[in-house]
Number of protein chains: 2
Amino acid sequence: MTDPLQTGATIGILGGGQLGRMLSVAASRLGFKTCIYDPAGDCPASHVSNYHVKAAYEDEAALRAFSEAVDVITYEFENIPTSALDLLEAGTPIRPGRRVLAVSQDRLTEKAFLSEQGLGTAPFAAVDDEVDLAEAIEEIGTPAILKTRRFGYDGKGQARITSPDRAGAALETMAGAPAILEGQVDFTREVSVIAARGLDGSIACFDPGENIHRDGILHSTTVPAALSPAQRSDAVLASANILNALHYVGVMGVEIFVTPQGLLVNEIAPRVHNSGHWTQNGCLIDQFEQHIRAIAGWPLGDGSRHANVMMENLIGADLSRVPDLAGTNTAIHLYGKTAIKPGRKMGHINRITGPAS
Amino acid sequence: MTDPLQTGATIGILGGGQLGRMLSVAASRLGFKTCIYDPAGDCPASHVSNYHVKAAYEDEAALRAFSEAVDVITYEFENIPTSALDLLEAGTPIRPGRRVLAVSQDRLTEKAFLSEQGLGTAPFAAVDDEVDLAEAIEEIGTPAILKTRRFGYDGKGQARITSPDRAGAALETMAGAPAILEGQVDFTREVSVIAARGLDGSIACFDPGENIHRDGILHSTTVPAALSPAQRSDAVLASANILNALHYVGVMGVEIFVTPQGLLVNEIAPRVHNSGHWTQNGCLIDQFEQHIRAIAGWPLGDGSRHANVMMENLIGADLSRVPDLAGTNTAIHLYGKTAIKPGRKMGHINRITGPAS
């Protein structure tokens, strides 16, 4: 057991996007300084942090200096090169730890891990070549989704296979990368649990939120999700199992499909999660502060929900709706990105739809 | 009427203490960058801002560069040298404007202004010398409080006069500075209204909070304050009158004594205020974001209260109670100050005592 970090300690954050930005703000609330590691200048998190190491993930000298300057290291994205993690970990603890990264960086390893925990998942099979793919389609059927095992996000690195004769075209889009075929799940809804585990092993979960995606990107999350009490506790317990099995420290996003046959875990993200942004205006302690508390060795905070909330992402040109969105019952959260691109997450709003029900 | 500031614009903040820190965080939520002007290195606001101009308020070149680098200027304290304001204002708008500073930087001018608005105040008289003081005591009586007209805060620059024969000693502590004698008010409670006025003249007030001071420093603020409906609306209307009379833009703290004879305005602070910190966990939009919205020309946000809250300052060694304070219903806000000194504001907590009543 490690002592809790004291005021004035510095938290290192790998990745300087909006998640790093909001983590940095949460860290400041608890009196911590932050140091952002990101190759990009003027990245969103750098606007609200003490230090910004602007260097590549292959820059060993920069990584070493970063590691020496901070008291604990966390991250806002999971695809950090292993070589960088090795180097960083030699000097400073990384939380969440390496185990979850090994699991979640690879969709196949992740699905296998979830199955080992006795959790339901979509049917899946490894696909390295045409032969694998043909066998996988025979086993799983179509429609199915072919995904690269690594480095996919927001629908990138994915190809839908509606019938076996479309297999070749889908495989080509993988560009030779190791892949996984996942059976399409007919879910009635997708929910996510934002779960936290402290350094002392205690667990706290925010209420599950219900997600709507558009064009492969999260569009909205609504709390409360339309779940039965049994589904709600199943979702929370499944999430707690995952965190415990990994000796996880920090906040994790667990995406779950609700199907007539039960809950299936879609994927886990070892970090704060877009579908947890509603907590900023629905809870006393939000997901960002909960994550900082966990990795700092503090007791987890009170994440109970006091409001019904609908979080909606502001994508690309949605930004032009600001500030007229700024009316009653609505909180705006912008990421300080000035270049508007289609599909780019520019901010989000949290609309309070009533007291907690 | 000016267009609202767009994402990516930079807000300049004079003063880098905890108020500047929390203003900077609020600005980031709306996508703004911030630039802090403060002579002190490693000041609390610099931890969460893009830029920190570390220079004296007499440094004309630094002031000019600051003014050119930002789109609007605001401040976290009222005693900014007039020469600095003159120089800054030549290039960039200062909000709240100069008029309120002229009024609030001088206790005598402030009291006279409040009286002109038809608002009740403690009895007061200007004191420049022994003769003035003797006359003032005769008129106002004792107990009374002798205060420097300028540069006082947290009980500094004040001397209580319990009987006429203590007048000489009190006057000595003023060290020749122009002063004001204020009659002691027997108030049943002290409340404050955190009021905001937008660039379009619209006004929004947070619910009045009830303040307890210890050793001249704010100890706690509780919402709701124990006021009758009539007292509540009188307090809010008095505050709105003050903001309108000054063509004010931004958030102001209005301290009000509740007495058997009615409400008396104690003092106004042309900035976010310690007694408004409860809004961070009691409202969708807190005082810091409300201030940023106002000075950025945005519509004011929804500051309605969803919880009963008790805010308590963490002074000096109170910091050692963290993180064990981090339990149920309690949010912690620390300022990133590492040197603990008696009387120094190190942070505050907001304890949720129930849903809004």
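Just above sits the structure.
Throughout this description, residue numbers start from 1 for each chain and increase along the sequence as written. Whichever chain is written first is A, and whichever ligand is written first is 1; the rest continue in order. Reporting of local features is limited, given that this is a predicted model, to residues whose pLDDT is at least 70; pairs of side-chain atoms are given and counted only at 80 or more, and all residues count toward the totals for whole chains, interfaces and linings. Calculated side-chain values reflect all of the structure's heavy atoms, with hydrogen atoms and water omitted.

Draft legend 1. Layout of the packing of helix α1 (residues 18-29) of chain A against helix α10 (residues 287-295) of chain A. All names here are of chain A. Think of each axis as a best-fit line through the C-alpha atoms, taken over the contacting stretch in the case of a helix, with angles from 0 to 180 degrees between the N-to-C directions. Note on conventions: DSSP H or I runs of at least 4 residues are helices, E runs of at least 2 residues are strands, and numbering of each starts at the N terminus. With their axes 8 Å apart at the nearest point, α1 and α10 run at an angle of 65° to one another. For the element pair α1 / α10, the angle class is roughly perpendicular. Handedness of the crossing formed by α1 with α10: right-handed. Here L19, M22, L23, A26, A27 and R29 of α1 lie close against α10, whose contacting residues are F288, E289, H291 and I292. Throughout, the ten residues Ala, Val, Leu, Ile, Met, Phe, Trp, Tyr, Cys and Pro are labelled nonpolar, Asp, Glu, Lys and Arg are labelled charged, and all others, Gly among them, are labelled polar. Broken down by class, the residue content of the contact of α1 with α10 amounts to 7 nonpolar, 1 polar and 2 charged. Here the angle decides the label: under 35 degrees means roughly parallel, over 145 means roughly antiparallel, 65 to 115 means roughly perpendicular, and every other value means oblique. Crossings are sorted by hand: turned counterclockwise from the far helix by less than a right angle, the near helix makes the crossing left-handed, and turned clockwise it makes it right-handed. In what follows, residue pairs with any heavy atoms lying within 4.5 Å of each other are defined as contacts.

Draft legend 2. Fine view of the side chain of S46(B). Residue and element names in this part refer to chain B. By secondary structure assignment, the location of S46 is in the loop between β2 (33-37) and β3 (51-53). Side-chain atoms alone can form a polar contact between residues adjacent in sequence; in general such a contact is a pair of N or O atoms within 3.5 Å, and within protein one must be able to donate a hydrogen while the other accepts it. Looking at S46, its side chain comes within polar contact range of the main-chain oxygen of C43, at 2.6 Å. Excluding residues that lie within four positions of it along the chain, S46 makes contacts with I36 and H52.

Draft legend 3. Up close: the relation of the copies chain A and chain B. When the copies are overlaid, the least-squares fit takes in C-alpha atoms only where the residue has pLDDT of at least 70 in both copies. Each copy of the sequence occupies a distinct position, and chain A is placed on chain B by a rotation of 180° and an axial shift of 0.0 Å, giving an RMSD of 0.0 Å. Here the symmetry operator amounts to a two-fold rotation axis. Closest to the rotation axis within chain A is the C-alpha of V48(A), separated from it by 2.0 Å.

Draft legend 4. Inspection of a negative patch on the surface at higher detail. Residue and element names in this part refer to chain B. Patch membership requires over 30% relative accessible area and the absence of a salt bridge. Like charges are linked within 9 Å, and nonpolar side chains (Val, Leu, Ile, Met, Phe, Trp, Tyr) within 5 Å. The accessible surface values rely on the Shrake-Rupley method and a 1.4 Å probe; as for residues, cover is taken only from the protein chains in view. When a carboxyl oxygen of Asp or Glu lies within 4 Å of a side-chain nitrogen of Lys or Arg, that pair is called a salt bridge. Under the counting rule used here, the positive set is Lys and Arg, the negative set is Asp and Glu, and His together with the chain ends is not counted. Here the site of a charge means NZ on Lys, CZ on Arg, CG on Asp, or CD on Glu. The grouping of D128, D129, E130, E135, E138, E139 and E172 at the surface amounts to a negative patch. Per element, the largest residue contribution to the negative patch is 4 residues, and it comes from helix α6 (residues 130-140). By the secondary structure assignment, E139 is in helix α6. Burial here depends on accessible area, computed with a 1.4 Å probe over protein chains only, as a share of the maximum for the residue type. Under 20% is buried, over 50% is exposed, and the range in between is partly exposed. Taking the relative accessible area as the measure of exposure, E139 reaches 63% and is therefore exposed.

Draft legend 5. How the structure looks around the packing of aromatic side chains. Only Phe, Tyr and Trp rings are paired, with Trp represented by its six-membered ring, and only when their centres lie within 6.5 Å; those with planes under 30 degrees apart are stacked, over 60 edge-to-face, the remainder tilted. Under the criterion given, the structure shown has 12 aromatic pairs over all chains. Ring centres of Y37(B) and F66(B) lie 5.2 Å apart, and the angle between their planes is 75°; on these two criteria the pair is classed as edge-to-face. Residue Y37(B) is located in strand β2, and its partner F66(B) is located in helix α2 (residues 60-69); the two are separated by 29 residues in the primary sequence. Side by side, Y37(B) and F66(B) carry an identical accessibility label, which is buried. Their ring planes at 85° and their centres at 6.3 Å tell us that F206(B) and W278(B) sit as a pair that is edge-to-face. Here F206(B), found in the loop between β10 (203-205) and β11 (209-214), pairs with W278(B), found in the loop between β14 (262-269) and α9 (279-282); they are 72 residues apart in sequence, far enough to count as distant. The class of W278(B) is buried, set by a relative accessible area of 0%. Grouping aromatic residues by their ring pairs yields a cluster made of Y37(A), Y57(A), F66(A) and F77(A).

As far as function goes, none of this settles anything; it's purely spatial.
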